[in-house]
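Residue-level structural notes
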Amino acid sequence: MSHAEHPPYLQHHFETAEQQFDAGKLGIWLFLATEILLFGGLFCAYAIYRANHPEIFVYAHHYLDKTLGGTNTVILLCSSLTMAWAVRASQLGQRKLLVLLLVLTLLGGAGFMGIKYVEYQQKWKHGLLPGAHFAPHDEGIEAAAPEKPIAPLAGGGADRTTIPPSAEGPAGTVPPASADLSLREGPTRRPSNVQIFFSIYFLMTGLHGIHVLVGMIAIGWILVRSLRGHFGPDYFTPVDFVGLYWHLVDLIWIFLFPLLYLIG
Amino acid sequence: MGTAEGTATGARVSPRLGDNYLTHTRGFASWALTLDHKRIGVMYLVAILTAFLLGGVAALLVRTELIARGPTIMGADAYNKMFTLHGAAMVFLFIIPGIPAALGNFVLPLMLGAKDVAFPRLNLMSFWLWVVGALFAIGAVVAGGVDTGWTFYTPYSTTTNTNVIATTFGAFILGFSSIFTGMNFIVTIHKLRPVGMTWFKMPLFLWSLYGTAMIQVLATPVLAITLLLLIAERALKVGIFDPALGGDPVLYQHFFWFYSHPAVYIMILPAMGIISEVISVHARKHIFGYRFIALSSIAIAVLGFLVWGHHMFVSGQSGMANAIFSVLTFSVAIPSAIKVFNWLATLYKGDIRLSTAMIYGLMFLVTFGIGGLTGLHLGALAVDVHLHDTYFVVAHFHYVMFGGTVVALLAGLHHWWPKMFGVMFDERLGRIAAALIFVGFNTTFFTQFVMGSHGMPRRYYDYVPQFDLYHQISTIGSYVMAAGFFLIAYYLILSLVRGKRAPMNPWGGNSLEWHTPSPPPHDNFSETPVAEDPYDYGKLVYDPAKGGFASRSYEGAGAS
Amino acid sequence: MTPHAQARVGHVVPLRVLVGVLATLLVMTYVTVEVSRHDFGRFNLWIALGVAVFKASLVLLFFMHLKYDKPFNAVIVITSLAFLMLFIVIALQDTVAYRPQQIPGYGPSIKTNPK
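In what follows, the accompanying structure is described. Predicted, not measured: the structure shown is a model, and the values here were computed from it. Residue numbers restart at each chain and count upward from 1, following the sequence in its written direction. Going through the entries in the order they are written, you letter the chains from A and number the ligands from 1. Residue-level local features of this predicted model are given only where pLDDT is at least 70; pairs of side-chain atoms are given and counted only at 80 or more, and the full residue set underlies all totals for whole chains, interfaces and linings. The side-chain figures draw on all heavy atoms in the structure; neither hydrogens nor water molecules are used.

1. Here's the deal with the packing of aromatic side chains
Each aromatic ring pair is specified by the distance between its two centres and by the angle formed by the two planes. Aromatic contacts are taken between Phe, Tyr and Trp rings whose centres are within 6.5 Å, Trp giving its six-membered ring; a plane angle under 30 degrees counts as stacked, one over 60 as edge-to-face, and the others as tilted. Summed over all chains, the structure comprises 63 aromatic pairs over all chains. With a centroid separation of 5.2 Å and 70 degrees between ring planes, the pair formed by B:F127 and B:W128 is classed as edge-to-face. Centroid distance C:F62 to C:Y68: 6.5 Å. Interplanar angle 65 degrees. Geometry classified as edge-to-face. When its relative accessible area of 26% is taken as the criterion, C:Y68 is described as partly exposed. Positioned above the aromatic ring of B:F200, the side-chain terminus of B:R291 is 3.9 Å from the ring centre. Burial here depends on accessible area, computed with a 1.4 Å probe over protein chains only, as a share of the maximum for the residue type. Under 20% is buried, over 50% is exposed, and the range in between is partly exposed. Cation placement over rings: the criterion is NZ of Lys or CZ of Arg within 6 Å of the ring centroid and within 35° of the ring normal.

And the structure:
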């Protein structure tokens, strides 16, 4: 192939543009597969804890705001549309439209992160933190607008049982508190180990949030290249691949939303 | 038919090897920023061999400590850190990247008649990620080490004061290096095969690399999330593995072994691929049962995902899971056995040349055979209850990892050394080193089968007098092995300086890497070669003048 | 621009398909929120997951154009999900099976200051 026929974006070890495109696609799907397995580990942890301690999940999810979660879902879905449309625009050489759609996608991502920030801030304020840091306060907890009545918390600070855990063990002096507490027994008893829910919540939404940020950086980079006119019907693969990553981020949220916010 | 041995007093290598990938460009940046898979392979080779040296020294220190009861050269805490360093360096820095990164990167595109892998920049990133991960690991060692064992089991890993986060973060980064290599290889094999090379006409090394890459892509992310969870547990106290916070330490083991069991197939599959090549070429006989070997690579990759619980038989795992995993563990031995039988059938009535590469190939059959069979002992649930966490386990995995992967790596290194560096090494010294390694290795580790079955626990700093003699024998064996390795280093480095010039095809292989000069030019092939049956040696004739083989259809295109 | 939207390589998804998929996704989001207000007992989880899988399929097939791609890309997704299911199912089954041996709160806690 003479140099004149050699398109600038065709790398030297590929014979044709189509081979390069197919190879790139295959590569990005393999990468997405690794992301599925990465988040999959967290979904596994979720499944295990929810199956073994359903009462924790049913109780604790009331601390999450369904409206904010739902809004975030809608934002991400719309940003997926703008991203997919952006890919289409790059394929058709519609440069101005491409730039507009990428900007809209970025705004969607920013909106998502903004709402996430609000949610996290609320959790922090109320002491609803993961694991050992879980120390719920009751000020303003009604602002979370729970659907069902939740237990009135007995004052601030570490509101857990005053009996140290090891005393409940087999050699201990106290019979183990029943972990299989159901809300059907009455809404006033908080199950033990509620912090597990928040550990899982923060791990899953946190890792997801990091991926949203990385996605936004990638989209920003594509935006800059679009402004410079790098993309057109002959070469649009970076837009396509960043788009696929963004859709994956959306996909994960499609599962996170019902599993964390809509339990029970 | 003559042999292709070089002599120690052969012609000197001329300072200019002609234009090839080594001399094509010069300067640090031309290597550090190279996109040439061959250079990346060479850099990886240096890297993993350095890691092997680090892990090997740690091993010698461990064995030296164990030569006598009580403190010998270090205290108990230092001992814990030393075997952790040995395990972590060997597993994450050496053996997982190992053959795919060092030999695979070099050979895979050549075998495909391609100019490079599918994603050369990603390949370079894989290498630098390895370096960054290695720096974290070294940093952790320098800062005082880790004493949890390379498996980082909770609850100890979440409560110990040593540098768990630095080490696990290094392993996390190394995981991405591995994932990117896997992605690259899968796409390269799918998309860059030449005209005429259908799937069942590929060399078997490529099938094994494909199976390995499948595992790298699917399993390593689970390691990534496991390590992230461990870091979160330590740094943020999320409590996911801590019973006092409602967590579950056995869950850590499920997460860890879901990756780490398939990981051992990442270690062994490429090794098996090398053996298929070496045995066939050095016995000058078409590989027997090509399809069986090819498909068994994929079978091992798939079945390897179904057996992780056999590491957890005594951890608190339920009886039902124990039984299921035990049964499935027996199944994963079958494809490996299929390969061994096919290799033996390949050797039968072959024209076997005892080159160094072939000696390691034959050694593999013995040592991997023992290793694999003892895996069945451990897979048997009731037997494992007694053998778990004893030296029997240690001996088993050293027989498969060392007697399997390292021996195959040595076979591959000696097989492709002339191609990679354009020089022949001293075969006589090669055979002596192989003998040292074989004797040293079996002395070290066969003893451990015996003492393990007598109850000697693993990772123990001290032991009771009944095990004195075993430990002494085992330690002496390790010194013999070390001598073998130093000898290998000596004659290989010597060959780079004074080795005889290598012909294009010293061993008479027919896969495409042997149809380009040694060392290959920057672009691999002057024109894209036509793929033939890689195991058909009918057209290759030994030419004593060249000291190598020439294919009748490529006559006249020999080494300069 | 050519009258029929085409690219040199790859397939261009028609705009009406993209918008239609978004509309469906939004409707299904509304559905899943509404359904969560009612209690279907042990089916709650499966209904929610079912809706999520349906939405995910739409995103995969159309936004990520798996429907128009070479089939091997879909094989990759399905394979990774299959292995994930394997992991979740077996680990989950195991934890359920050893649940009787678990005693709440009994065990070491994170006391020291880890690095």
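2. Side note on the nonpolar core
Throughout, nonpolar core names a set of buried Ala, Val, Leu, Ile, Met, Phe, Trp, Tyr and Cys residues whose side chains join them through atoms within 4.5 Å. Counting residues in each nonpolar core, the largest one holds 293 residues, and the members touching the most others are A:W29, A:F197, B:W343, B:Y360 and B:F364. Ranked by residues supplied to this core, first place goes to helix α9 (residues 249-282) of chain B with 21 residues. An automatic or database domain assignment supplies the residue ranges for each domain. Here this core gathers at least three residues from each of two domains, domain 1 (1-67) and domain 2 (69-99) of chain C. Each residue touching A:F197, except ones within four places of it in the same chain, is listed here: A:I56, A:F57, A:A60, A:H61, A:L64, A:L260 and A:I263. Strands here mean DSSP runs of E at least two residues long; helices mean DSSP runs of H or I at least four residues long; both are numbered from the N terminus. Any two residues whose heavy atoms approach within 4.5 Å at even a single point are treated as in contact.

3. Quick word on the interface of chain C and chain A
The accessible area lost on association of the parts is a frequent measure of interface size. At the junction of the two partners, chain C supplies 56 residues and chain A supplies 61 residues. What counts as buried area is the accessible surface, traced by a 1.4 Å probe, that two parts surrender upon association, with contributions from both included. Summed over both partners, the interface of chain C with chain A buries about 4900 Å², with 75% contributed by carbon and sulfur atoms. Just to be clear on terms, a salt bridge is a Lys or Arg side-chain nitrogen sitting within 4 Å of an Asp or Glu carboxyl oxygen. Joining chain C to chain A, the criterion identifies two salt bridges. Nitrogen and oxygen atoms within 3.5 Å of one another constitute a polar contact, given that in protein one can donate a hydrogen and the other can accept it, and given that sequence-neighbouring residues count only through two side-chain atoms. Counting every contact that joins chain C to chain A gives seven residue pairs in polar contact (both at pLDDT 80 or more). Among the secondary structure elements, those contributing two or more residues to the side of chain C that touches chain A are α1 (15-36), α2 (44-63) and α3 (71-97) of chain C. The dominant element in the side of chain C that touches chain A, judged by the number of residues it contributes, is α3(C), at 13 residues. In the scheme used here, Gly and all other residues not listed as nonpolar or charged are polar, with Ala, Val, Leu, Ile, Met, Phe, Trp, Tyr, Cys and Pro taken as nonpolar and Asp, Glu, Lys and Arg as charged. Across the side of chain C that touches chain A, the residue classes break down as 38 nonpolar, 12 polar and six charged.

4. Points about the pattern of salt bridges
Pairing is possible between side chains that carry opposite charge, provided their charged atoms lie close to one another. One pass over the full model with this rule turns up 10 salt bridges over all chains. A:E119 serves as the salt-bridge partner of A:K116, at 3.1 Å between the closest nitrogen and oxygen. With A:K116 and A:E119 both in helix α4 (residues 95-125), this residue pair falls three residues apart, about one helical turn. Residue A:E119 is classed as buried on the basis of its relative accessible area, which comes to 1%. For B:K38, the salt bridge is made with B:D36, and the minimal N-O distance between the two is 3.0 Å. Residues joined in a network through salt bridges with shared partners are A:D22, B:K191 and C:K70.

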